[in-house]
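# Overview (structure and organization)
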Amino acid sequence: MRTDRIAKPAAFCALAFFCFSPVFAAEAIKIGAIFGVTGPAAYLGAPEERTARMVVEEMNRSGGILGRRIQLIVKDSGASAEKAISFAKQLIDEEEVVAIIGPTTSGESMAIKDICQKAGMPLISCASAETITTPVAKYVFKVPQKDNYVVEWMYRTMNKTGISKIGVIAANTGFGNGGKAQLEKYAAKYGIAIAISEVYDANATDLSALLTKVNASGVQAVVNWSIEPAQSIVAKNMRQLKMTAQLFQSHGFANIKYVEAAGEAAEGIIFPCGRLIVADQLPDSNPQKKLMVKYNADYKAMYKEDASTFGGHAYDALTILKAAIESAKSTDADKIVKAIEGLKDFYGTAGVFSFSAEDHNGLQMDSIDMMTVRKGKFVFYQ
Amino acid sequence: MPPEVVLQYLISGLIYGSIYAAVAIGFNIIYNATGIINFAQGEFAMLGGMFASSLSARLPLALAIAVAMVLTALSGAVLERVFLRRVARGGVLKMIVTTIGLSIVIREAALLAWGESVRTLPFFTGNEVSSVSFLGANFSPQVFWVVGVTALTVAALTAFFRFTLMGKAMRGCSASREGASLCGIDPDRMVTIAFTLSAGIGAVAGCVVAPLTQTHYAIGSGLAIKGFTVAAFGGLGNSVAAVVAGLFLGMLESFSIVFVPEAYKDVVSICVLLAVLFVKPSGLFGSRAAGALKDY
């Protein structure tokens, strides 16, 4: 009988669920999440959403927070700032969540910064623009490394390798324009001359004409700042044009899918990034190693794909929130904020967080390292 | 500007143009049979690339592309039989709106089936870093494949619509459904064949450009907009005109980068399209008389 075939396993599953899941007496703790699961930032938002679901499931298995079950409410913003605004209002007014994690992109985060601040809603952003936490808004935090750290790491590496004349290309998005502005801001400090600076359409399918223009300006290196698949196209086009300039990418490149898409053209690309993607190459003495290797393994086991730093941001946001609620012993917004500001030497995937009332990011320059691609894998750049 | 840089821009223009033309051809087939614009055409190119990229893990590349073409052609036929035939009596506008809806459904289905990650096909000749040098300009050998496949398809289609009975019958359906029926042509069958053919050709276009453009679930709408621009620019229904218009637009976009940021190259091409359509609504090579007969 067909019904039998479905009914039996279903009954078994239900039984297993009741036997193995802890019993939660009190009302669930509602956590809101706004991620660009689909749309142009899906390469970031989708791993974030998957990670958040995985982490919440695991937290609930091991007793939830303060003995209460966690209820995660995920909204897919499609990376649109307008949608992020309406979802933020919905989460605050209708769902009455305790805190919001996300949004995925800097543009969305800036769009809801004021809303969360005015509503007194703790927000832990998963986007990287420096402006999200500078100037500090009482209720707004972020977990990825600031984009200015990324830029300074890049310029330091250029100083070491004798590169002084570069071309900058960036996607015409909040992320791309933010990175371009930081590159232009810090260039003089490191004695770097930007010979040409261009923006391109984020959905570009070929960039050979743009790179021809960059190449004609005689640069020693090209810096590309984007999160879209165009990152792989830039790498391929440069090799097809037989350009000799070194290619630097932003931390948006930290998804192994882009290396696969670029194939051999990805070899030797240099980019600054957190250590999550090379966790297995870290010495055992590194205090972050254990949790990062575990996260990578859990994610791969559950979703059959490699973890990226972006999923790591959702992991950090949730574990920080859990630690804060537990230390505050309360879900009151002001107490949560106070508790996050009190977190010191907290190990996450992006680095070691030490928050304070003045620093709502909690990460330092040392949370980043230079990476490169060798034989299709991410490795430390020596 | 040094001559090799000019040549490099020309070649970039050729790459853009042939990608656009490859997609535009599919628009023309369905237009020739039904008089409608199929806005799901970009989705056929996406499906072709996605099927082929999944299959190429297990099959040799050529076979993977062939199977992808058949699968996409079948999906084209199914879409026509299941959805479009039902609204066909409601007129062309209803059908066009339906194709927009279908394109969204296909895109979401692809997101569920393949996820959001970017995929690619192996380069047909050489690999990602292979490059051909010509008078100081460099480009990927895949460009030969895109240009060659597009040229072959256009030649075959032109012959099909001009010289074969079925091709003429298809054009007859577009001119007048009733008239075609009276002559013993089964318009429903012709329209199904047109969708099958155009989906198959869209899939081939999607496969041949995939090593260059890469592919993911959402790439279809961008390709469709450019393909439609080129098809309308050249004059709907005429594949040779689509190629000429595609190359013209590709060159325009490529050289526009010298003066305006790449991010605005679409603005340049859309402005030119609007200007052409204001002056000559039937497109560069379309005839005014044929344009006047259309329902919209």
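## Considerations on the overall build of chain A
Counting secondary structure elements, chain A contains 12 helices and 14 strands. Relative to a compact globule of 382 residues, whose C-alpha radius of gyration would be 21 Å, chain A shows 22 Å and is just as compact. Projected onto its principal axes, the C-alpha coordinates of chain A cover approximately 65 × 55 × 45 Å. The buried share among the 382 residues of chain A stands at 61%. A separation threshold of at least 6 residues defines the contact pool for chain A, and within that pool the share at least 24 residues apart is 67%. Placing the 42 positive and 40 negative side-chain charges of chain A at their respective mean positions leaves the two points 3 Å apart.

## Examining the pattern of salt bridges
Under the counting rule described, the total for this entry stands at 23 salt bridges over all chains. Of the charged contacts, one joins E305 of chain A and K257 of chain A as a salt bridge, the two residues approaching to 3.2 Å between their closest N and O atoms. Taken together, the residues E305 of chain A in the loop between α10 (289-303) and α11 (309-328) and K257 of chain A in helix α9 (residues 256-262) connect sequence positions 48 residues apart. Exposure remark for E305 of chain A: the relative accessible area of 15% places this residue in the buried category. The class for K257 of chain A is buried, based on a relative accessible area of 18%. Here D306 of chain A ties to K300 of chain A by a salt bridge, and the two come within 3.1 Å at their closest N and O atoms. A relative accessible area of 43% means that K300 of chain A is categorised as partly exposed. If you follow the salt bridges from partner to partner, you end up with K226, E253, E262, K265 and D266 of chain B in one network.

## Comments concerning the environment of D114 of chain A
Along the chain, the position of D114 of chain A falls in helix α4 (residues 106-119). Between the alpha carbons of D114 of chain A and P40 of chain A there is a distance of 24 Å; along the sequence they are 74 residues apart.

## Things to note about unusual backbone geometry
All names here are of chain A. Omega for the peptide link from G102 to P103 comes to -5°, which places this bond in the cis form. Here P103 shows up in the loop between β3 (99-101) and α4. The amide bond that connects T134 to the next residue, P135, takes the cis arrangement and shows omega of 0°. One non-glycine residue with positive phi stands out, namely K242, at about 55°. Residue placement: K242 occurs in the loop between α8 (230-240) and β9 (246-249). At D345, a residue that is not glycine, the phi angle is positive and equals roughly 50°. Among the secondary structure elements, D345 is positioned in the loop between α12 (333-342) and β11 (346-347). A relative accessible area of 53% means that D345 is categorised as exposed.

## A closer look at the pairing of strand β2 (residues 70-76) of chain A
All names here are of chain A. With 7 bridges joining them, strand β1 (residues 29-35) and β2 adopt parallel strand pairing. Residue pairing across strands places I34 opposite K75, the latter belonging to β2. Following the chain from β1 across helix α2 (residues 42-61) to the adjacent parallel β2, one finds a crossover that is right-handed.

## With respect to the interface of chain A and chain B
Contact residues are listed per partner, giving 37 residues for chain A and 36 residues for chain B. In total, chain A and chain B occlude about 3,000 Å² of area from one another, counting both sides; carbon and sulfur atoms represent 55% of this. Inspection of the region where chain A meets chain B yields 1 salt bridge. For R50 of chain A, the salt bridge identified is with E116 of chain B, shortest N-O distance 2.8 Å. Run the count over chain A and chain B and you get 19 residue pairs in polar contact (both at pLDDT 80 or more). Those elements that place two or more of their residues in the side of chain A that touches chain B are α2, β7 (193-200), α7 (208-216), α8 and α9 of chain A. A per-class count over the side of chain A that touches chain B returns 17 nonpolar, 9 polar and 11 charged.

## A look at the confidence of the model for chain B
Residues and elements named next belong to chain B. Looking at chain B as a whole, its pLDDT mean stands at 89, while 97% of the residues score no less than 70. Per-element mean pLDDT across chain B ranges from 55 in helix α12 (residues 288-292) up to 96 in helix α2 (residues 41-55). Across the predicted assembly, pTM comes out at 0.87 and ipTM at 0.88.

## Some details on helix α8 (residues 187-213) of chain B
Residue and element names in this part refer to chain B. When the terminal C-alpha atoms of α8 are compared, their 36 Å separation across 27 residues agrees well with the 39 Å that a helix rising 1.5 Å per residue should span. C207 marks the point of greatest bend in α8, at about 25°, and the proline P211 comes within the next four residues. With 21 of 27 residues buried, α8 lies mostly within the body of the structure. Between a side-chain oxygen at the N-terminus of α8 and the backbone nitrogen of D188 the separation is 3.2 Å; the capping residue is D186. Downstream of α8 by one or two residues, Q214 has phi in the positive range, about 65°.

## A few points about the packing of α2 of chain B against helix α4 (residues 92-114) of chain B
Residue and element names in this part refer to chain B. The interhelical angle for the contact between α2 and α4, taken along N-to-C directions, is 15°, at an axis separation of 10 Å. Accordingly, the angle class assigned to the pair α2 and α4 is roughly parallel. The way α2 lies across α4 gives a crossing that is left-handed. Here α2 contributes E43, M46, L47, M50, F51 and S54 to the contact with α4, which in turn contributes S103, I106, R107, A110 and W114. Grouping the constituent residues of the contact of α2 with α4 by class yields 7 nonpolar, 2 polar and 2 charged.

## Observations concerning the packing of helix α6 (residues 165-175) of chain B against α8 of chain B
Residues and elements named next belong to chain B. In contact at an axis separation of 10 Å, α6 and α8 are set at 110° when each is read in the N-to-C sense. The angle between the axes of α6 and α8 places the two elements in the roughly perpendicular class. Where α6 approaches α8, its residues M166, A169, M170 and C173 are matched on the opposing element by P187, R189, M190, I193 and A194. Partitioned by chemical class, the residues of the contact of α6 with α8 number 8 nonpolar, no polar and 1 charged.

Reading the values: the criteria
- Residues numbered from 1 in each chain as written.
- Chains lettered and ligands numbered in written order.
- Predicted model: local features only at pLDDT ≥ 70, side-chain atom pairs only at ≥ 80, totals over all residues.
- Heavy atoms only, no water.
- Helix = DSSP H or I, 4+ residues; strand = E, 2+ residues; numbered from the N terminus.
- Rg over C-alpha atoms; globule rule 2.2 N^0.38 Å.
- Buried < 20%, exposed > 50% of the residue type's maximum accessible area, 1.4 Å probe, protein only.
- Contact = heavy atoms within 4.5 Å.
- Lys, Arg positive; Asp, Glu negative; His and termini not counted.
- Charge placed at Lys NZ, Arg CZ, Asp CG, Glu CD.
- Salt bridge = Lys/Arg side-chain N within 4 Å of Asp/Glu carboxyl O.
- Pairing = 2+ DSSP bridges.
- Right-handed = clockwise from strand over helix to strand, strands pointing away.
- Buried area = accessible area lost by both parts, 1.4 Å probe.
- Polar contact = N/O pair within 3.5 Å; in protein donor to acceptor, adjacent residues only side chain to side chain.
- Nonpolar A, V, L, I, M, F, W, Y, C, P; charged D, E, K, R; others polar.
- pLDDT = per-residue confidence, 0-100.
- Expected span 1.5 Å × (residues − 1).
- Bend = angle between axes of the 7 residues up to and from the residue.
- Axes fitted to C-alpha atoms, helices over the stretch in contact; angles between N-to-C directions.
- Parallel < 35°, antiparallel > 145°, perpendicular 65-115°, else oblique.
- Left-handed = near helix turned anticlockwise from the far one by under 90°.

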